[in-house]
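# Analysis of the macromolecular model
So the chains spell out like this:
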Amino acid sequence: MTPSQAMRFAILQFPASNCDQDCVHALRVLGAQAKLVWHKDTTLGEVDAVIVPGGFSYGDALRCGAIARFSPVMQAVSRFADNGGLVLGICNGFQILCEAGLLPGALIRNRDLRFHCEQVFLKTANFETPFTSGIRRDGVPIRIPIAHGEGCYFADASTLERLQAQRQILWQYCDAQGAVTESANPNGSLLNIAGIANDRFNVAGLMPHPDRAVEAILGTEDGRSILTSMISALETRRTQSAAAA
Amino acid sequence: MLPEICFTSIEKLSHSIPSPGLPGFVSAAMKAKLVITPKKAVLDPQGKTVANALEHMGYAGVTGVRMGKYIEIDLAPGTSAADADKALNEAAVRFLTNPVIEDYRLEIVE
């Protein structure tokens, strides 16, 4: 794909974001364009998708993501999402999207009070979304790293029921065979939830880092299929809107 | 939808608490005290660990510990308690607490 056709990603940058460059690198490896957007910017520019990256925005003061979500750029992200734009939050980005109300629930302190930095296995629970359509469907879980102290997903009972009924749970922590078990749950997340989408399936968040898993030299390339799912979904959208025009 | 506020409006929120503006008017400094606790349904591993430690130390009769946060906010002298209460309850719901996981108690004291 030539640069003029490549999908354009905005990677948000807050004070103490630390995976912004990882996201830029991963997307460029996958042939997409990526640019950083400073949190004080009030517009995103001409982009096809937004990634809210990992890190420790504002030093996790008050609650993870609580301050970042009031940054001016988040109003632009909210408008972008309202218009159907694809938004993915990774790790601290997931926490920010939950704090902003763009995704339901909250991320709280890990059950064992420890920071977990390790590879985990993920079962994809819904393949019919722009974030998951390209993930392998042979029952083999994908392996992606996590690095967080506050990744325990919580939502009240009625929200969890709705997430299940509407198939908004995208990824669950599982063992190497793909079984969703208590011992495969690194942080105490309810229903082993590692990532979810909103009810329109254009906004998603996950604690694991696909951005750190796109090159074999880093131990796993399984993160590719999440990002390439987004790129494919955007290509389909572009083809469809070109056909309609 | 995100509410239409950002940093500047958070700053304005504190400025919106009216002061009497009377020359020479002096009154006691006021404080707002905000106690934030995790909701009952929310896992509180810190509280559980502290409860276990108390038990091991021999403090009998402790049946549970919930660990939360305490925020003390200084208010300009002469601030109306009613106005401060209204503004800070709003700030508590929008920003200072996450209603998905936390409950809070706000107290305005002189």
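In the block above lies the structure referred to throughout.
In short, a report on the structure. (Residues numbered from 1 in each chain as written. Chains lettered and ligands numbered in written order. Predicted model: local features only at pLDDT ≥ 70, side-chain atom pairs only at ≥ 80, totals over all residues. Heavy atoms only, no water.)

### A short note on the overall build of chain A
The number of helices and strands found in chain A is 5 helices and 11 strands. At 17 Å, chain A has a C-alpha radius of gyration in line with the 18 Å of a compact globule built from 245 residues. A buried classification covers 59% of the 245 residues belonging to chain A. Of all intrachain contacts in chain A linking residues separated by at least 6 positions in sequence, the fraction that spans at least 24 positions is 77%. Summed over its atoms, the accessible surface of chain A is roughly 9500 Å², and 51% of this surface lies on carbon and sulfur atoms. Between the mean site of the 21 positive side-chain charges and the mean site of the 23 negative ones, chain A shows a separation of 3 Å. (Helix = DSSP H or I, 4+ residues; strand = E, 2+ residues; numbered from the N terminus. Rg over C-alpha atoms; globule rule 2.2 N^0.38 Å. Buried < 20%, exposed > 50% of the residue type's maximum accessible area, 1.4 Å probe, protein only. Contact = heavy atoms within 4.5 Å. Areas by Shrake-Rupley, 256 points an atom, 1.4 Å probe, with all protein chains shown as cover. Lys, Arg positive; Asp, Glu negative; His and termini not counted. Charge placed at Lys NZ, Arg CZ, Asp CG, Glu CD.)

### Topic: the overall build of chain B
Helices and strands together make up the secondary structure of chain B, namely 3 helices and 3 strands. Here chain B, with 110 residues, has 29% of them falling under the buried criterion. The long-range share in chain B, meaning contacts at least 24 apart out of those at least 6 apart in sequence, stands at 78%.

### Observations concerning the packing of aromatic side chains
Residue and element names in this part refer to chain A. Within this structure, the stated rule accounts for 3 aromatic pairs over all chains. Centroid distance phenylalanine 94 to tyrosine 153: 6.2 Å. Interplanar angle 5°. Geometry classified as stacked. Of this pair, phenylalanine 94 sits in helix H3 (residues 92–99) while tyrosine 153 sits in strand S8 (residues 152–154), placing them 59 residues apart in sequence. Considered together, phenylalanine 94 and tyrosine 153 belong to a single accessibility category, that of buried residues. (Phe/Tyr/Trp six-rings, centres within 6.5 Å; stacked < 30°, edge-to-face > 60°.)

### Notes on the sheet that holds strand S1 (residues 8–13) of chain A
Residue and element names in this part refer to chain A. Reading across the sheet, the 9 strands line up as S2-S1-S3-S4-S11-S10-S9-S6-S7 and stay open at both edges, with mixed pairing between neighbours. Two strands in the sheet have a free side with no partner beyond their single neighbour: strand S2 (33–38) and strand S7 (142–148). Sheet twist, expressed as the average angle between the axes of neighbouring strands with direction ignored, equals 25°. Relative to S2, S1 runs parallel, the two being bridged by 6 bridges. Across the sheet, residue phenylalanine 9 finds its bridge partner in S2, namely alanine 34. (Pairing = 2+ DSSP bridges. Axes fitted to C-alpha atoms, helices over the stretch in contact; angles between N-to-C directions.)

### With respect to unusual backbone geometry
All names here are of chain A. For arginine 167, which is not a glycine, the phi torsion comes out positive at approximately 60°. Topologically, arginine 167 is positioned in the loop between helix H4 (157–165) and strand S9 (169–174). At leucine 191, a residue that is not glycine, the phi angle is positive and equals roughly 55°. Take leucine 191: it is sitting in the loop between S9 and strand S10 (193–197). According to the relative accessible area criterion, leucine 191 is partly exposed, its value standing at 35%.

### Points about the pattern of salt bridges
Residue and element names in this part refer to chain A. Within this structure, the stated rule accounts for 13 salt bridges over all chains. One salt bridge connects arginine 63 with glutamate 99, and the closest N-O pair in it is separated by 2.8 Å. Residue arginine 63 is located in the loop between strand S3 (49–52) and helix H2 (72–82), and its partner glutamate 99 is located in helix H3; the two are separated by 36 residues in the primary sequence. This pair shows no difference in class: arginine 63 is buried, exactly as glutamate 99 is. As a salt-bridge pair, glutamate 182 and arginine 111 come within 2.4 Å of each other at their nearest N and O atoms. Of this pair, glutamate 182 sits in the loop between S9 and S10 while arginine 111 sits in the loop between strand S5 (106–108) and strand S6 (116–124); the two residues are 71 residues apart in sequence, bridging distant segments of the chain. (Salt bridge = Lys/Arg side-chain N within 4 Å of Asp/Glu carboxyl O.)

### Observations regarding the state of the cysteines
Residues and elements named next belong to chain A. Tallying each qualifying case throughout the model produces 0 disulfides over all chains. Left unpaired, cysteine 117 is separated from the closest cysteine sulfur, that of cysteine 91, by 10.0 Å. Take cysteine 174: it sits in no disulfide, and the sulfur closest to it among the cysteines is that of cysteine 152, at 18 Å. Residue classification places cysteine 174 among the buried residues on the basis of a relative accessible area of 3%. (Disulfide = S-S within 2.5 Å.)

### What to know about the side chain of A:Thr159
Residues and elements named next belong to chain A. You can see threonine 159 is positioned in helix H4. By relative accessible area, threonine 159 is classed as buried at 11%. Only 2.6 Å separates the side chain of threonine 159 from the side chain of aspartate 156, close enough to count as a polar contact. (Polar contact = N/O pair within 3.5 Å; in protein donor to acceptor, adjacent residues only side chain to side chain.)

### Re the interface of chain B and chain A
Contact with chain B, which involves 24 residues of that partner, is made by 25 residues of chain A. Of the roughly 2200 Å² buried between chain B and chain A on both sides combined, carbon and sulfur atoms contribute 68%. Of the charged contacts in the structure, one is a salt bridge between A:Arg63 and B:Glu102, with a shortest N-O distance of 3.8 Å. Counting across the chain B and chain A interface gives 5 residue pairs in polar contact (both at pLDDT 80 or more). Residue assignment for the side of chain B that touches chain A shows that the elements contributing at least two residues are helix H1 (7–15), helix H2 (45–56), strand S2 (69–75) and helix H3 (81–96) of chain B. Partitioning the side of chain B that touches chain A into residue classes produces 16 nonpolar, 4 polar and 4 charged. (Buried area = accessible area lost by both parts, 1.4 Å probe. Nonpolar A, V, L, I, M, F, W, Y, C, P; charged D, E, K, R; others polar.)

### Considerations on the pairing of S1(A)
All names here are of chain A. Among the 6 residues that make up S1, 5 are buried, leaving the element largely enclosed by the rest of the structure. For the crossover that starts at S1, traverses helix H1 (residues 20–29) and ends in the parallel S2, the hand is right-handed. Of the strand pairs in this sheet, S1 and S3 are connected by 3 bridges, and their pairing is parallel. Residue phenylalanine 9 lies in a different strand from S3, and its bridge partner there is alanine 49. (Right-handed = clockwise from strand over helix to strand, strands pointing away.)

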